[in-house]
Amino acid sequence: MNYTVKTFIASGGERFSQLYEADAPGFPLFYPTAFIVRSLRSVTTHETQKVYLAALKRVCEWESSRKIDLAMNFHNRKFLSAAEIDDLTSYLRASKSRGKGEVISSTKYNTYLSYASGYIRWLTQQVITDSNTDKVRNAVEEQHTMLLRRKRRRAGSRAGREQRIVALKLPAETHNRLLDLFDSPFESLQQVRNSGARLRNVLMLRVLYETGMRFGELLSLKLRHFIEAGGGDSAYLDIERNHHDELDTRLNQPVAKTMGRRVPISKCLEEQLIEYRDNWRAEILNVGFLEESFIFVVHRGGRSQGNALPKTSFSTGLANLKQVFYALTPIHPHLLRHDWNYRFSQLADREGIPFEEERVIREQLMGWVPGSPMSRRYDSRHIEEKSNEIGRKIASDTSRISK
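Residues numbered from 1 in each chain as written. Predicted model: local features only at pLDDT ≥ 70, side-chain atom pairs only at ≥ 80, totals over all residues. Heavy atoms only, no water.

1. Comments concerning the overall build of the chain
The number of helices and strands found in the chain is 15 helices and 5 strands. Within the span of the chain, comprising 403 residues, buried residues form 43% of the whole. When contacts within the chain are restricted to residue pairs at least 6 apart in sequence, those whose partners lie at least 24 apart make up 63%. Summing over all exposed atoms, the chain offers an accessible surface of approximately 22,200 Å²; the carbon and sulfur share of this is 51%. Placing the 62 positive and 48 negative side-chain charges of the chain at their respective mean positions leaves the two points 7 Å apart. (Helix = DSSP H or I, 4+ residues; strand = E, 2+ residues; numbered from the N terminus. Buried < 20%, exposed > 50% of the residue type's maximum accessible area, 1.4 Å probe, protein only. Contact = heavy atoms within 4.5 Å. Areas by Shrake-Rupley, 256 points an atom, 1.4 Å probe, with all protein chains shown as cover. Lys, Arg positive; Asp, Glu negative; His and termini not counted. Charge placed at Lys NZ, Arg CZ, Asp CG, Glu CD.)

The structure is reproduced here in structure tokens:
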């Protein structure tokens, strides 16, 4: 049996998703829906709920293909056997988009397994009427533990992975090509009618490059979030938490994962944003001009023209840029966030910014809470580089001490 996840927008702007049988009209699956509503809806974001549903979809597919009814089995005190757990975890790990024998990444598999095991424990407790007895409770926890033991350890140490993350940056050729494109956004443009979309795409890359904001934050920017320079202050962009925005008609709403904040932008970016807003965006049919209207919108003609730009449209635009400028191939939105942090670290070292001040400034500009794990990763980079510098000086001091 096939299953599908459908997404809806509630009257108050809340996004929610439900799991359905693909070929059967009607109501969503009862237990997965109850699990999301009772356990997750009030404490997790919609994006997290969709990942849970992706894992539960695989569990339901496994049940159907093996002719197993987990709810009925658990009601009858029949828990998963070791063989069934092995089979289920193998099913969770199998790749659905590749050839036979292919598997998903260990990180994705571990997430699916963690979410699926949490659902299975919840389901067991729901269908067993005396689940609070010691015997049943112990059996439920043993089943849960057996599932989690199937997690896979990723190759390499955690410290090594964190070092690779904080060292991520744009290759020199890509960096230079990107800066050239910022200065000449219409370079190598084949069709004049695509000028507005080209400027929009280049501007979006420039915002990511200059501010290090997340992709969802970029797509959520509204006209009121762009504040022009005045009174001696530079121009800036305001980033706000925007979950369940009633005015955002996109089913898969881009959201800000980090804290709200204000980020400064360069004079050149300010001028280009004004040009785009006043001379290109303003000419699009159905576009909004209210403060709550989104900055980056769909240019191509059609029913969605003038609407807020969806993630897929920017991905297509970026892919087109990569076809024209091969040096841009490594770019993806989150790499620009890593590159921003790399450049910030270099600037902090050049300016001699004290270690503690560097951490506080980084957390503010990235929207991280004080003492966040990501901030500590970059703190570790700073400490390691300083330690290496001092170590080299000591190692180089081979002169004899004069008596």
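Next, the rest of the story.
2. A closer look at helix 8 (residues 172–183)
Here helix 8 is 12 residues long and its end C-alpha atoms lie 17 Å apart, about the 16 Å a rise of 1.5 Å per residue gives. All of the buried residues along helix 8 are T174, H175, R177, L178, L181 and F182. Along the axis of helix 8, the buried positions cluster into a sector of 165°, meaning they face one direction only. Facing away from the buried side of helix 8 by more than 90 degrees, the exposed set consists of A172, E173 and D183. Against the buried residues of helix 8 lie helix 9 (195–211), helix 11 (267–280), helix 12 (311–324) and helix 13 (333–351). (Expected span 1.5 Å × (residues − 1). Arc of directions from axis to C-beta.)

3. Overview of unusual backbone geometry
For K67, which is not glycine, the phi dihedral falls at a positive 55°. Position of K67 among the secondary structure elements: in the loop between helix 2 (46–66) and helix 3 (70–75). Of the residues examined, K67 reaches a relative accessible area of 77% and is grouped as exposed. A positive phi angle, near 65°, is found at R77, a position not held by glycine. Within the secondary structure layout, R77 lies in the loop between helix 3 and helix 4 (82–93).

4. Regarding the pairing of strand 4 (residues 236–239)
Successive residues of a regular strand alternate their side chains across the two faces of the sheet. Of the two faces of strand 4, the one holding Y236 and D238 and the one holding L237 and I239 are both buried throughout. Where strand 3 (residues 226–227) and strand 4 come together, 2 bridges link them in antiparallel fashion. In the strand pairing of strand 4, F226 is matched with L237. Where strand 4 meets strand 5 (residues 261–264), 4 bridges bridge the pair, whose relative direction is antiparallel. Each residue of the ladder has a partner; that of I239, found in strand 5, is R261. (Pairing = 2+ DSSP bridges.)

5. Let's talk about the nonpolar core
Counting 42 residues, the largest nonpolar core has L178, L205, M213, L218, L237 and F296 as the members making the most contacts within it. With residues up to four places along the chain from it excluded, the contact list for F296 reads R200, L203, M204, L218, L221, L273, Y276, N307, A308 and L309. (Core = buried A, V, L, I, M, F, W, Y, C linked by side-chain atoms within 4.5 Å.)

6. As for the packing of aromatic side chains
To describe a pair of aromatic rings, one takes the distance between the centres and the angle between the planes. With the rule as written, the count across this model stands at 14 aromatic pairs. By the ring-pair criterion, three or more aromatic residues cluster together here, those being F35, Y52, Y115, Y119 and W122. Over the aromatic face of Y20 sits the side chain of K6, whose NZ or CZ is 4.7 Å from the ring centroid. We note R343 situated over the ring of Y209; from NZ or CZ to the ring centre the distance is 3.7 Å. (Phe/Tyr/Trp six-rings, centres within 6.5 Å; stacked < 30°, edge-to-face > 60°. Lys NZ or Arg CZ within 6 Å of the ring centre and 35° of its normal.)

7. Some remarks on the sheet that holds strand 4
With respect to topology, 3 strands assemble into an open sheet ordered 3-4-5, the strand pairing being antiparallel. Among the strands making up the open sheet, the edge pair consists of strand 3 and strand 5.

8. Quick word on the pattern of salt bridges
Under the criterion given, the structure shown has 22 salt bridges. One salt bridge connects E61 with K57, and the closest N-O pair in it is separated by 2.8 Å. One end of the pair, E61, and the other, K57, are both in helix 2, 4 residues apart, so they sit about a helical turn from each other. In this structure K57 comes out as partly exposed when scored by relative accessible area, which is 23%. A salt bridge links K96 to E61; the shortest N-O distance between them is 2.8 Å. With K96 in the loop between helix 4 and helix 5 (106–127) and E61 in helix 2, this pair connects stretches of sequence that are 35 residues apart. (Salt bridge = Lys/Arg side-chain N within 4 Å of Asp/Glu carboxyl O.)

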